[in-house]
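Here is how the chains run, residue by residue.
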Amino acid sequence: QGFTFFGPQFVEVAADHRGAMLRVSSNAVGAPVAVAASPGQVTAKSQGGDSPAVCNCPKFLQDRSALIKLLSQPLDSRIFEPKDYLAATSEVFSYTLIITWVLTFIWYPDQIFEHPARPIIGSFNPCFGWDYAPASYIGLTFCSVNVFLTYRYTWLEQTRALLVSDGKLSAVQQFSKFASYWLALSSNVWLLLWLIGPNADNPRDDDGPVMKAWFAHTGIFINYAIALFLAAFGNYLEVAYGPNSGVIEPKNTIFIWVYGISGTYLGVVYVYDLVMYDFGEPPALHPFFTQAADVFWMACMGSITSFLPREAPLRMTVEVIPDTELALD
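Keep in mind the model is a prediction, meaning the values are calculated, not measured.

1. Quick notes on the overall build of the protein chain
Next, step 1: Assigned secondary structure in the protein chain consists of 13 helices and 6 strands.
Next, step 2: Scored against the burial criterion, the 329 residues of the protein chain give a buried share of 47%.
Next, step 3: Taking the intrachain contacts of the protein chain between residues at least 6 apart in sequence as the baseline, contacts between residues at least 24 apart amount to 70%.
Next, step 4: Counting every atom, the protein chain has about 15900 Å² of accessible surface; 66% of that belongs to carbon and sulfur.

Here it is as structure tokens:
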């Protein structure tokens with residue numbers, strides 16, 4: 001099995017029986033060279049010293065942000081964990097919420113305090129800050145980045161699984177495979193949030209929320225939340241049942257349990273409020289319960305970067321081809 005990039009040299013990535021990732025390079029006349037990278041060798045710092053990079057950010061920022069870590073990697077040869085792309089999706093979501101909430105709270109507070117869906121839940125949902133223009137323009141633009149990140153994660157996750165298993169995926173790897181597929185497709189569907197729900201109602205509407213639209217809106221949100229958790233859970237299981245299971249720490253296991261509970265709680269309270277809502281009546285549940293669900297889930301989602309276990313990394317080498325005709329022959 002191989003993962004091949006074409007250049008003046010071709011680069012083939014393979015896996016040994018311990019799950020360590022190998023880079024095997026060969027020039028046009030032979031002379032293969034192999035370089036191994038085990039999970040313990042990968043750190044948050046950039047590999048390569050003077051190698052070109054999009055961003056030369058301080059190490060302490062790379063240690064705390066998957067997005068910054070990815071942007072700071074050398075462009076010619078780098079070692080990385082696929083989960084960095086998964087963690088980056090949560091960071092995009094979090095940063096976008098912060099920006100849109102500040103904008104909306106300062107200049108368009110009615111969109112938050114008079115949001116048409118607020119009578120259903122009573123609390124302030126994270127989406128209230130970006131459901132309407134101009135914050136919706138920012139939210140849609142920034143969250144579309146997650147389409148790339150989730151598909152990239154899916155591709156790299158499957159690449160590593162196939163290399164480690166020699167093409168014979170275990171039940172855990174199959175689970176992780178379909179969970180990552182679900183997440184990638186959900187990132188496309190997620191962008192419908194700004195078309196389904198907010199478009200049916202406007203702030204300060206006095207005729208009540210259009211329930212069919214808000215049911216669909218909430219369904220899109222919950223679908224993405226489930227897919228994101230299952231992808232993280234699959235990533236955890238691959239490490240726990242793989243050759244490097246020793247890297248699993250108690251904090252990793254506790255996190256995945258707490259994350260699952262937070263998502264389940266979020267879905268239950270929101271669906272209950274939607275189903276039980278009567279126009280003119282207060283929310284079926286006290287707003288505290290839905291507000292707590294939002295904070296609980298957001299805290300877990302934002303912790304993916306810190307609490308998923310270390311995994312077998314990949315090494316990627318990118319080279320420019322001087323002789324195009326030779327390379328394409």
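2. Here's the deal with the pairing of strand S6 (residues 314–317)
Next, step 1: Because side chains alternate across S6, one face comprises the buried residues Leu314 and Met316, and the other comprises Arg315 and Thr317, equally buried.
Next, step 2: For strand S5 (residues 77–80) and S6, the ladder comprises 4 bridges, and the chain directions are antiparallel. Looking across to S6, one finds that Arg78 is bridged to Met316.

3. Considering the environment of Phe142
Next, step 1: Position of Phe142 relative to the elements: it lies in helix H6 (residues 135–143).
Next, step 2: When the C-alpha positions of Phe142 and Leu97 are compared, they lie 9.8 Å apart, and in sequence the two are 45 residues distant.
Next, step 3: Excluding anything up to four places from it in sequence, Phe142 contacts Val92, Thr96 and Ile99.

4. Side note on the packing of aromatic side chains
Next, step 1: Counted according to the given criterion, the structure contains 18 aromatic pairs.
Next, step 2: Among the aromatic residues, ring-to-ring pairing joins Phe93, Trp130, Trp190, Trp194, Phe221, Tyr224 and Trp297 into one connected group.

5. What to know about the packing of helix H3 (residues 83–107) against H6
Next, step 1: It is the contact of H3 with H6, at a shortest axis distance of 9 Å, that shows an interaxial angle of 170°. Judged by the inter-axis angle, H3 sits roughly antiparallel to H6. Residue-level inspection shows Val92, Thr96, Ile99, Thr100, Leu103 and Thr104 of H3 in contact with H6, the latter providing Ala135, Ile138, Gly139, Phe142 and Cys143.
Next, step 2: Within the contact of H3 with H6, the residues separate by chemical class into 7 nonpolar, 4 polar and no charged.

6. A closer look at the confidence of the model for the protein chain
Next, step 1: Residue-level pLDDT values for the protein chain average 86, and 85% of them are 70 or greater.
Next, step 2: Contacts for the low-pLDDT stretch residues 1–48, under 50 throughout, to residues beyond four places or in other chains number 121 contacts.

7. A word on the nonpolar core
Next, step 1: Of all hydrophobic cores here, the largest spans 58 residues; its most connected members are Leu86, Phe93, Trp130, Trp190, Leu228, Tyr259 and Trp297.
Next, step 2: Of all the elements, helix H9 (residues 211–240) adds the most residues to this core, at 12 residues.
Next, step 3: When neighbours within four sequence positions are excluded, Trp190 is seen to be in contact with Phe93, Trp130, Cys143, Ile220, Phe221 and Tyr224.

8. Focus: helix H7 (residues 145–165)
Next, step 1: With 21 residues, H7 ought to run about 30 Å at 1.5 Å a step, and its terminal C-alpha atoms sit 31 Å apart, in line with that.
Next, step 2: Asp166, located one to two residues past H7, shows a positive phi value of around 60°.

9. Description of the packing of H3 against H7
Next, step 1: At a minimum axis distance of 8 Å, the contact between H3 and H7 shows a crossing angle of 165°. Classified by the angle between their axes, H3 and H7 sit roughly antiparallel to one another. As for the relative orientation of H3 and H7, their crossing is left-handed in sense. Residues Lys83, Tyr85, Leu86, Ala88, Thr89, Val92 and Phe93 of H3 pack against Val145, Asn146, Phe148, Leu149, Thr150, Arg152, Tyr153 and Leu156 of H7.

10. Here's the deal with the pattern of salt bridges
Next, step 1: Overall, the coordinates contain 7 salt bridges when judged by the stated rule.
Next, step 2: Put simply, Lys59 and Asp63 hold a salt bridge, and the shortest N to O gap is 2.8 Å.
Next, step 3: Salt-bridge contacts for Asp84 lead to Lys69; the nearest nitrogen and oxygen are separated by 3.3 Å. Taken together, the residues Asp84 in helix H3 and Lys69 in helix H2 (residues 66–71) connect sequence positions 15 residues apart. The same class applies to Asp84 and to Lys69, which are both buried.
Next, step 4: Salt bridges sharing common partners tie together Lys69, Glu81, Asp84 and Arg310.

11. Side note on helix H10 (residues 250–276)
Next, step 1: Relative to the 39 Å expected for 27 residues at 1.5 Å per residue, H10 spans 39 Å between its end C-alpha atoms, a close match to the ideal helical length.
Next, step 2: Within H10, the full set of buried residues consists of Asn252, Phe255, Ile256, Tyr259, Gly260, Ser262, Leu266, Gly267, Val269, Tyr270, Asp273 and Leu274.
Next, step 3: Elements in contact with the buried residues of H10: helix H5 (118–121), H9, helix H11 (287–301) and helix H12 (304–307).

12. A look at the environment of Ala179
Next, step 1: By the element assignment, Ala179 lies in helix H8 (residues 171–190).
Next, step 2: Note on Ala179: relative accessible area 5%, which makes it buried.

13. Comments concerning a nonpolar patch on the surface
Next, step 1: A contiguous nonpolar surface patch, about 850 Å² in accessible area, is contributed by Tyr95, Ile98, Val102, Phe105, Ile106, Trp107, Tyr108 and Phe113.
Next, step 2: Sorting elements by how many residues they give to the nonpolar patch places H3 first, with 6 residues.
Next, step 3: Relative to the helices and strands, Val102 resides in helix H3.
Next, step 4: Residue classification places Val102 among the partly exposed positions, given a relative accessible area of 44%.

Criteria and cut-off values
- Residues numbered from 1 in each chain as written.
- Predicted model: local features only at pLDDT ≥ 70, side-chain atom pairs only at ≥ 80, totals over all residues.
- Heavy atoms only, no water.
- Helix = DSSP H or I, 4+ residues; strand = E, 2+ residues; numbered from the N terminus.
- Buried < 20%, exposed > 50% of the residue type's maximum accessible area, 1.4 Å probe, protein only.
- Contact = heavy atoms within 4.5 Å.
- Areas by Shrake-Rupley, 256 points an atom, 1.4 Å probe, with all protein chains shown as cover.
- Pairing = 2+ DSSP bridges.
- Phe/Tyr/Trp six-rings, centres within 6.5 Å; stacked < 30°, edge-to-face > 60°.
- Axes fitted to C-alpha atoms, helices over the stretch in contact; angles between N-to-C directions.
- Parallel < 35°, antiparallel > 145°, perpendicular 65-115°, else oblique.
- Nonpolar A, V, L, I, M, F, W, Y, C, P; charged D, E, K, R; others polar.
- pLDDT = per-residue confidence, 0-100.
- Core = buried A, V, L, I, M, F, W, Y, C linked by side-chain atoms within 4.5 Å.
- Expected span 1.5 Å × (residues − 1).
- Left-handed = near helix turned anticlockwise from the far one by under 90°.
- Salt bridge = Lys/Arg side-chain N within 4 Å of Asp/Glu carboxyl O.
- Patch = residues over 30% accessible without salt bridge, like charges linked within 9 Å, V, L, I, M, F, W, Y side chains within 5 Å.

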